Amino acid sequence: MRIRFLALLLAGLVLSGPAGAQVRSVEVRTPRPFGYFLGDLVQAEIDLVVEPGFRLQAASLPKPGALTYWLDLRDLDATASVHGDAQRLRLGLTYQTFYAALDARALEIPGFSVTFVSESDHGATTVKAEVPAWSFNVSPLREVQPPRRDDPRDYMRPDGQVGPGDPRPLLLGAAGSASLALLALAGLARDRTWWPFRARRGRPFGRAARRIRVLERRPDPVLHYRDALLALHHALDTAGERRLLADDLGDFLTTHPVYADEGPDLARFFEASRRTFFGPGPEAGLGVLGPADLAALARRLARAERTA
Amino acid sequence: MMNQIRSGDAMLTDWREAAGRFEATVGAAVLGQARAIRLLTIALFARGHVLLEGDVGVGKTTLLRAVARAVGGAYARVEGTVDMMPTDLVYHTYLAEDGRPRVEPGPVLRRSEDLSIFFFNEINRARPQVHALLLRLMAERTLTAFNREYRFPNLQVFADRNRVEREETFELPAAARDRFLMEIGLEAPRDAEVRRALIFDPRFHDTDALIAGLDGGVLDHAALPGIAAAIQHGIQASPAIEAYVIGLWEALVRPGAAGIRLPGLDMEALVQGGASPRGVAFLVRAARVRAWLEGRDWMVPEDVRAVFPEVMAHRVFLEPVYELRRAAIMPDLCRAVFETVAAP
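Residues numbered from 1 in each chain as written. Chains lettered and ligands numbered in written order. Predicted model: local features only at pLDDT ≥ 70, side-chain atom pairs only at ≥ 80, totals over all residues. Heavy atoms only, no water.

Student: Go over the overall build of chain B, please, and point to the residues and values.
Tutor: When you go through chain B residue by residue, the secondary structure sums to 14 helices and eleven strands. Considering chain B as a whole, with its 344 residues, one finds that 51% of them fall into the buried category. By sequence separation, contacts in chain B at least 24 residues apart represent 77% of the contacts at least 6 residues apart. (Helix = DSSP H or I, 4+ residues; strand = E, 2+ residues; numbered from the N terminus. Buried < 20%, exposed > 50% of the residue type's maximum accessible area, 1.4 Å probe, protein only. Contact = heavy atoms within 4.5 Å.)

Student: Could you give an account of a nonpolar patch on the surface, with specific residues and numbers?
Tutor: Residues and elements named next belong to chain A. A contiguous nonpolar surface patch, about 590 Å² in accessible area, is contributed by Leu182, Leu185, Leu188, Trp194 and Trp195. Secondary-structure assignment places Leu188 in helix H2 (residues 168–192). You can call Leu188 partly exposed: its relative accessible area is 34%. (Patch = residues over 30% accessible without salt bridge, like charges linked within 9 Å, V, L, I, M, F, W, Y side chains within 5 Å. Areas by Shrake-Rupley, 256 points an atom, 1.4 Å probe, with all protein chains shown as cover. Salt bridge = Lys/Arg side-chain N within 4 Å of Asp/Glu carboxyl O.)

Student: Go over H2 of chain A with me, naming the residues and quoting the values.
Tutor: Working note: α-helix, 3.6 residues per turn, so residues spaced by three or four point in the same direction. Compared with the 36 Å implied by 1.5 Å per residue over 25 residues, the 36 Å span of H2 of chain A between its first and last C-alpha is a close match. In the stretch just after H2 of chain A, Thr193 of chain A is the one whose phi turns positive, near 50°. (Expected span 1.5 Å × (residues − 1).)

Student: Let's hear about the packing of aromatic side chains: which residues, and what values?
Tutor: All names here are of chain A. Applying the stated criterion across every chain, the model contains 15 aromatic pairs over all chains. When the centroid spacing of 5.2 Å and the interplanar angle of 80° are considered together, the rings of Tyr36 and Phe136 count as edge-to-face. Of this pair, Tyr36 sits in the loop between strand E1 (23–29) and strand E2 (41–50) while Phe136 sits in strand E10 (residues 134–138), and the two are 100 residues apart along the sequence. Residue classification places Tyr36 among the buried positions, given a relative accessible area of 3%. (Phe/Tyr/Trp six-rings, centres within 6.5 Å; stacked < 30°, edge-to-face > 60°.)

Student: So, a positive patch on the surface: which residues are in play, and what are the values?
Tutor: Residue and element names in this part refer to chain A. Taken together, the side chains of Arg203, Arg207, Arg210, Arg213, Arg217, Arg299, Arg303 and Arg306 define a basic patch exposed on the protein surface. Secondary-structure elements contributing two or more residues to the positive patch are helix H3 (204–217) and helix H8 (291–307). Counting residues per element, the positive patch draws most heavily on H3, at four residues. Its place among the elements puts Arg207 in helix H3. (Lys, Arg positive; Asp, Glu negative; His and termini not counted. Charge placed at Lys NZ, Arg CZ, Asp CG, Glu CD.)

Student: Any chance you could break down helix H10 (residues 239–253) of chain B for me, citing the residues and the numbers?
Tutor: Spanning 15 residues, H10 of chain B covers 21 Å between terminal C-alpha atoms, matching the ideal 21 Å at 1.5 Å per step. Residues of H10 of chain B that are buried include every one of Ala240, Ile241, Tyr244, Val245, Leu248, Ala251 and Leu252 of chain B, and no others. One side of H10 of chain B holds all its buried residues, which, seen down the axis, span an arc of 135°. Of the exposed residues in H10 of chain B, the ones pointing more than 90 degrees away from its buried face are Pro239, Ala243 and Ile246 of chain B. At its buried positions, H10 of chain B is contacted by helix H6 (263–277) of chain A together with strand E10 (271–274), helix H11 (277–293), helix H12 (301–312), strand E11 (316–318) and helix H14 (326–340) of chain B. (Arc of directions from axis to C-beta.)

Student: Residues and numbers for the sheet that holds strand E2 (residues 74–79) of chain B, please.
Tutor: Within a beta sheet, neighbouring strands are joined by backbone hydrogen bonds and run either parallel or antiparallel to one another. Residues and elements named next belong to chain B. Taken in spatial order, the five strands make up an open sheet running E2-E5-E8-E1-E9, and their pairing is parallel. Edge positions in the sheet fall to E2 and strand E9 (180–186), since each of these pairs with one other strand and no more. Neighbour to neighbour, the strand axes of the sheet diverge by 15° on average, direction disregarded. The pairing of strand E5 (residues 115–121) with strand E8 (residues 156–162) spans four bridges and is classified as parallel. Within E8, the residue paired with Ile117 across the bridge is Gln156. On the sheet, helix H5 (residues 128–140) packs against strand E1 (49–54), E5, E8 and E9 and is oriented at approximately 155° with respect to E5. (Pairing = 2+ DSSP bridges. Axes fitted to C-alpha atoms, helices over the stretch in contact; angles between N-to-C directions.)

Student: Go over the sheet that holds strand E6 (residues 86–97) of chain A with me, naming the residues and quoting the values.
Tutor: Residue and element names in this part refer to chain A. Taken in spatial order, the five strands of this open sheet run E1-E2-E6-E5-E4, and their pairing is antiparallel. The open sheet has two free edges, formed respectively by E1 and strand E4 (65–68), since each of these has just one partner strand. Pairs of neighbouring strands in the sheet enclose a mean axial angle of 30°, with direction left out of account.

Structure follows, in structure tokens:
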């Protein structure tokens, strides 16, 4: 690797005392001090010249590894050579920067010291050579800030284009659900006998009157007397919502006061029915209530029923 | 035209008046129980045994004593107890004055053939052995004792039972219950005037004096079986009423199929059985007597309805799960049967 020597630093001036005498010079040669990016390798070459008889104490050299949170020492090699009458030590250092810079700025690689030892009969003499810190510039990889806009609203992304939706499936679904709901409501109303399904109270007496009129027109009304009585019985059962016997007439008239006027004739009807079905026979019944009277009673009951 | 004059009608009319006097006599001693008295009269003329059921102190015993007094004839009375044995009814054993044991006829045999009313108090306190003896007495009106057979042609058994207590009691077997013509429930009268009289009138406090004050023998007890037979023959049942009774029977045994629905009950699994043909025959017998008492010589549905609960309800066996609620279910079921089955 070719290294351009851009800077030359003589540290010997700042060294004083006995160390200054034994360390003749410290020279740091670095490549260009700018134009570095995240992850770049930074090479440095350091020449140390010391008095003869001194040799390097290897443990004092910096150890490859992380130096700070943004700087690693990747590699270090040391070569010793004789430089005139002095000893020269050349250190090749390879750093790597991990500084994620947001702008261009100067970073400082810290200095360190290297220890040399001279051993004689009188004992060991050590001397420290101080390598000064030096700095270089790092630059960001890319522009950090977005380009400047006059209107701050331009920083926002435009809204996505939404095409006009098709409402037909939704409308169809709504209509279908509504008709299903109406259908269910109709079923419920039918089950609960709500309004349109409320069972109209039939007109049992009207039906009975019609049936009796039909029977009356037949050639022999006496023959159909039993059927006529039965028709009126069924009408009374339906109106009273139970099977009415002769003894129940009083109760029926108090719960259905509309028919109260017909009380005496209804009593005659029950008496005639008793005699016809359970007693001597239809002849006995006819004596109590004739077919014409029966038909008239049924008509009057039907009329009373309409006013109810 | 309605009442054809036939031979024997005059006798029936006379007896109807006697029955009215009988009801009036008993009614003078027992207030507010007109329906029970009417049912007892029907049972008397239908020659059926009666079981009275009711709370303590509503007048079960008084009513039966009054009936026994008004009917005349011999009357025996026993109290059911848990240690009673059949022989206690038949034999009376004791040590005579000379120190030797004697065996003499017991309460049932003492009046033998003349016995018209046998009154069994607290029948459910007696053991099933006693019920078995009673079964024969009621069904056949005979008893074997002292190596011969005793006959009781006029006998009617009246029993009463306290429905509140259940401890140390024995439920009547179904066969014995079926032999009773009626089970009449007796309630305390509701009428305020009647209640006041019962509580404050000293006449009702001394039962013995009250019963002794009644006219004895309003009815000729010896003639009762004959007149009962005459009633059964004299009262007509038209084909319509026959069909009606059959319809009632069917509806009572199979209420679900007849379209009867009662709230909270599974109609298909309500009635287990019962309502025997004998029971329905009893029903018609009682209904005929009722028709006669009402002055008709033919039956109407009201006659059947008037006696139906008392004659039929205790013959129906409900599924065990409903049996405990029988007292609440049966009146509803009977009413529903009459509201469902078409009369003519």
